[in-house]
Amino acid sequence: MKKRSMFLLAGIATLYYNNAYAQETPKDSTRSASIEQVVITGNSNPKKKIESSTAISTFTAKEIQKQNPISAAALLQRVPGFAVETSGGEVGNNLFARGIPSAGAYEFVQVQEDGLPVFEDGALQFANADNFFRVDNSVSRLEALRGGSGSIFANNSPGGLINFITKEGGNDFRGTAKLETSTYGLMRTDVNVGGALVQDKLFFNVGGFYRTDDGIRKTGFKANQGGQIRMNLKYVFDKGYAKIYYKKLDDRNTFFLPIPLVQNGNDLKEFSGFDANYGTYSYRNISQLNIPQVGGGFFSRNLEDGIHPKVDVLGAEFKYDLGSNFSVLNKTRYTNINMNYTGIFPAGGPQSAADFAKGAGIAGNTFQYSMVSNGAVVNPGYVQKLGFWAIDKQMNNFVNDLQFNYKFDKGNVTAGFYKSNWKSHQYWNWSNILTTATDKPELLNLVDTSLTPNSVGYSKTYNGVTNMSFLLRDSQIQGSLNDLYLNLDYNITDDLSFNGGIRYSHDFYKGYGVNTTSGNLNNSGLTTDGTHSFATTTADENMSVLGNKYTYWNFDVNKVSFTTALNYKINKENAVYARFSNGFRSPNEEAYYNNMNNLSVVKPVTTNQLEVGYKYYSRTFDVAVIPFYSTLKNLSFTDVYSDGSSENKFANTSNLGVEFEGYARLFNNVFEVTFNGTIQNPRYKDFTGRNADGTTFSYNDNTVRRMPKFYFNISPAVNLTKEWRAYVSMNYYGKRFQDEKNAQTLPSFSEFGAGTSYQLGKIRFAVDGTNIFNTIGITEGDPRAGSPSGDGIIMARPIMGAAVRASITLDF
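Residues numbered from 1 in each chain as written. Predicted model: local features only at pLDDT ≥ 70, side-chain atom pairs only at ≥ 80, totals over all residues. Heavy atoms only, no water.

(A) Region of the structure containing the overall build of the chain. When its secondary structure is counted, the chain shows six helices and 48 strands. Across its three principal directions, the C-alpha atoms of the chain cover 90 × 65 × 55 Å. In the chain, of all internal contacts separated by at least 6 residues, the share reaching a separation of at least 24 is 71%. In the structure as shown, the chain presents an accessible area of about 30400 Å², 54% of it carried by carbon and sulfur atoms. (Helix = DSSP H or I, 4+ residues; strand = E, 2+ residues; numbered from the N terminus. Contact = heavy atoms within 4.5 Å. Areas by Shrake-Rupley, 256 points an atom, 1.4 Å probe, with all protein chains shown as cover.)

(B) Geometry of unusual backbone geometry. Here S324, not a glycine, exhibits a phi torsion of approximately 55°, which is positive. Relative to the helices and strands, S324 resides in the loop between strand 21 (307-323) and strand 22 (326-346). Even without being a glycine, N463 presents a positive backbone phi close to 50°. Tracing the backbone through its elements, the reader meets N463 in the loop between strand 28 (444-448) and strand 29 (465-491). According to the relative accessible area criterion, N463 is partly exposed, its value standing at 41%. (Buried < 20%, exposed > 50% of the residue type's maximum accessible area, 1.4 Å probe, protein only.)

(C) Quick peek at the packing of aromatic side chains. Counted according to the given criterion, the structure contains 44 aromatic pairs. Summarising the aromatic geometry, the rings of F126 and Y341 are spaced 5.1 Å apart at their centres and angled 65° between planes, so their arrangement reads as edge-to-face. A residue pair is termed long-range when its members are at least 10 positions apart, and F126 in the loop between strand 8 (123-124) and strand 9 (127-128) and Y341 in strand 22 qualify at 215 residues. Each member of the pair F126 and Y341 is classed as buried. Taking the centre distance of 6.2 Å and the plane angle of 85° together, the rings of F126 and F345 count as edge-to-face. Residue F126 is found in the loop between strand 8 and strand 9, and its partner F345 is found in strand 22; the two are separated by 219 residues along the sequence. There is no split in this pair, since F126 and F345 are both buried. A network of ring pairs unites the aromatic residues F126, F255, Y341, F345, W389, W428 and W430 as a single cluster. In this structure, K234 is placed above the aromatic ring of Y241, and the distance from its NZ or CZ to the ring centre is 4.3 Å. (Phe/Tyr/Trp six-rings, centres within 6.5 Å; stacked < 30°, edge-to-face > 60°. Lys NZ or Arg CZ within 6 Å of the ring centre and 35° of its normal.)

(D) Seen up close, empty space enclosed by the protein. Under the definition given, this model contains 14 cavities of 30 Å³ or more. A103, G104, Q125, F126 and N128 are the residues nearest the centre of the second largest cavity, which is lined by 30 residues in total. At the level of secondary structure, the elements contributing two or more residues to the lining of the second largest cavity comprise strand 8, strand 9, strand 22 and helix 6 (589-594). Here the lining of the second largest cavity is built from residues that sort into 14 nonpolar, eight polar and eight charged. (1 Å grid on protein atoms, 1.4 Å probe; cavity = no way out; pocket = protein on both sides within 12 Å on 5 of 7 lines; lining within 4 Å. Points joined across faces, edges and corners; volume = space filled by probe spheres on them. Nonpolar A, V, L, I, M, F, W, Y, C, P; charged D, E, K, R; others polar.)

(E) Here's a closer look at the sheet that holds strand 10 (residues 139-146). Strands sit in the order 3-10-11-6-7 across an open sheet of five strands; the sheet is mixed. Only two strands of the sheet have a single neighbouring strand rather than two, namely strand 3 (55-60) and strand 7 (116-117). Bridge count between strand 6 (residues 109-113) and strand 11 (residues 160-166): five bridges; the pairing is parallel. Along strand 11, the bridge assignment pairs Q112 with N163. (Pairing = 2+ DSSP bridges.)

(F) Spatial organisation of the pattern of salt bridges. All chains considered together, the criterion is met by 30 salt bridges. Taking the shortest distance from any N to any O, the salt bridge between K178 and E180 comes out at 4.0 Å. Exposure class is identical for K178 and E180. Each is buried. Through salt bridges that share partners, E90, R134, R211, D213 and D251 make up one connected network. (Salt bridge = Lys/Arg side-chain N within 4 Å of Asp/Glu carboxyl O.)

(G) Fine view of the pairing of strand 27 (residues 411-436). With 19 of 26 residues buried, strand 27 lies mostly within the body of the structure. Sheet analysis places strand 26 (residues 382-408) next to strand 27, joined by 26 bridges and oriented antiparallel. For L402, the partnering residue across the bridge sits in strand 27 and is F417. A loop of two residues connects strand 26 with strand 27, the two strands running antiparallel in sequence. Pairing of strand 27 with strand 29 involves 22 bridges; the strand directions are antiparallel. Counterpart to Y427 in the pairing with strand 29 is D474.

(H) Quick look at the nonpolar core. Membership of the largest hydrophobic core comes to 64 residues, with the highest contact counts inside it found for F82, L95, Y106, I162, F164 and W430. If you tally residues by element for this core, the top one is strand 29, at five residues. Ignoring sequence-local partners within four residues, the contact set of Y106 consists of A73, L76, N93, L95, V111, G122, A123, N128, A129, D130 and I162. L386, L443, M468 and A539 belong to the second-largest nonpolar core, a separate cluster that totals 25 residues. (Core = buried A, V, L, I, M, F, W, Y, C linked by side-chain atoms within 4.5 Å.)

(I) A nonpolar patch on the surface, seen in detail. Together, F417, L484, L486, I502, Y504, V560 and F562 make up an exposed nonpolar region whose accessible area comes to about 590 Å². Mapping Y504 onto the fold places it in strand 30 (residues 496-519). The class of Y504 is partly exposed, set by a relative accessible area of 35%. (Patch = residues over 30% accessible without salt bridge, like charges linked within 9 Å, V, L, I, M, F, W, Y side chains within 5 Å.)

(J) Layout of the sheet that holds strand 25 (residues 377-378). Read across the open sheet, the three strands follow the order 25-24-28; overall the sheet is antiparallel. What marks the edges here is a single partner per strand, and that holds for strand 25 and strand 28. Here strand 24 (residues 367-371) pairs with strand 28 via five bridges, running antiparallel. Residue pairing for strand 28: F367 is matched across the bridge by D448.

(K) Layout of the pairing of strand 17 (residues 259-264). As paired elements, strand 17 and strand 47 (residues 792-798) share five bridges and run antiparallel to each other. Counted as the bridge partner of Q263 is G792 from strand 47. The turn joining strand 17 and strand 18 (residues 267-270), which pair antiparallel and follow one another in sequence, is formed by two residues; a positive phi near 65° is taken by G265.

(L) Structural view of the confidence of the model for the chain. When pLDDT is averaged along the chain, the result is 92, and 95% of the positions lie at 70 or above. Per-residue pLDDT stays below 50 along residues 1-25; that stretch engages in 50 contacts with residues further than four places along the chain or on separate chains. (pLDDT = per-residue confidence, 0-100.)

As structure tokens, this is what we get:
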């Protein structure tokens, strides 16, 4: 591993270039002056950052290009207040805003494209918002708002808004083409072009990408393959504009889950036979599943399909000046998603061959393991039970946001009506398989040699499957959102401004779940191997069978969110602000499902946040320091365990913290540094109850799970010449606890990256390395295992191993 790290470092090392340092801004500088930047997210009208009483971070297309993030989650790591887990791969990652705990996904923030949600609820089961969005060269900029006015301008967003704004064409024809490769078999091309069809009137932009790669973790198949295309037309007339757009995403990605490690306090080591940086249970040798079903037919699945969404988006935007300082803006969008989701989820940790056999009901040493592939008898040291989880989702969302704006001498008033109808239907079919506890795992069969092959219970597997279709779920959830909102900006003086907003949400949710029963294949007439009946195996015991009984539920939400803020502009470079906000998040999908028969225990999560901030923006320095305090009530915990049950607990939390971010360009633009970080202390409050086994718990004042108290990112860069730039980066993630009772520690870790770029006219050459020292850094333990025990053999999800990407970009 050390040799590999040295090779990767060598691949990104920057050679000395004998030229005078540039006296002007380098062509490849990473940053534009924030003092000139205007933001729209969380504001009723475009506003300079220094005049906006919000905690907001911005990234231009050029800044995104320099960072060259491997995923949307990797880009969002650069935002203070957002604790982001990037270990899942390109998609399916988790974002926690300002210490708000959840089961994962993007539960308390809304991910938007051009001011409307990618999907109305970004945290549906197995439907993280980043499954349906990709960062490519058609993105013009990113605006990431924390807390503040998020709950006024969107639903379910007390943690913030993440708004990706796409490029539009102008009078000049412009384009970008990029080719990229890597040490892990990546071949990717990005193209974006835009211009005018009619000068000053009709503009177009078309962009997208296609990519295929083997994955940093070695799967034995194409881990990621697919792409997206985006296009828009915009017509500008005297009093406004009209725009239509379309997006098509068809991409499949492997989702990476926890692997075995050995932990001793803060020390992490590789589990024997498992490469922590490049190994995975998601491997070709176990990728096929084909099992009979109770009632007839077979269920087939291919792990190589991974997370495979097919997304179609059609939208329009219209703005018109009504005169007398009134204007109207309407945004509308229809999204249709069909997604197949297939992943390997560990069902607990590795077990010795004897212990697993004992748990399967084989007494003594009369157990025998054999390879499914060739029938050879083997004697593995450890074996692993893995969940082979298959989920199909059909989703759609129609949303319309209508707003009227009135401008007056001292400010403006915006009034709007937001309507969103969405639906998600899902079907689950889960099985468990038995494999070697190694990367590149092999399927295993297990039999009891004290019995004959004709005996009942002789085999504990069916072609490596230990539990055939043990969980089926057929359920649906729908939302109908009807929200009125009002926002006021008022300039009390030239330097002191007031912002206030209120949103009334009258939302309706409904759904159903299909009841299930148990069955087996004993009387099906099928055989396990052409000779023996299913009575000889235990693999088909307790198979799940969908019934014809439906449980229907309805839930209404009537809530008011509000915010108020003051911003004082000390001078053109300095400002301070203070804001109080009250918002909420509607109950999540799993909370509804688990409590269909008793929805009285389900309540919206309510939040209160107080933040104050200092901002300094100049042409050479940016600094923002934002202390905050937040409280949450009725927070639901809904992790789905490996046996199909759900955690189903409720808690309150509080958090006191400070966010900071900055940028400096020094020594005649030779040296640049960007940094961001968060210090916080998220705690549980009033968190007591009863476990599923009847025991009681009290987690009051415990640290919120998976939340670091301190994390930061820093990235210094040197402009060796006007054209040549080199950088290093460091992500630090502080110590956390995997669980509510704070039994298992997730040690702190630092991840380093480095790279270089050279601008030759309109052509840019770049090399970017990630995790260059092959750090073993874990972002989560195994949330599906229930209560972890701490040290020893653990299941955890580490960040990806070292990798290098090289790219050529042409601007024209």
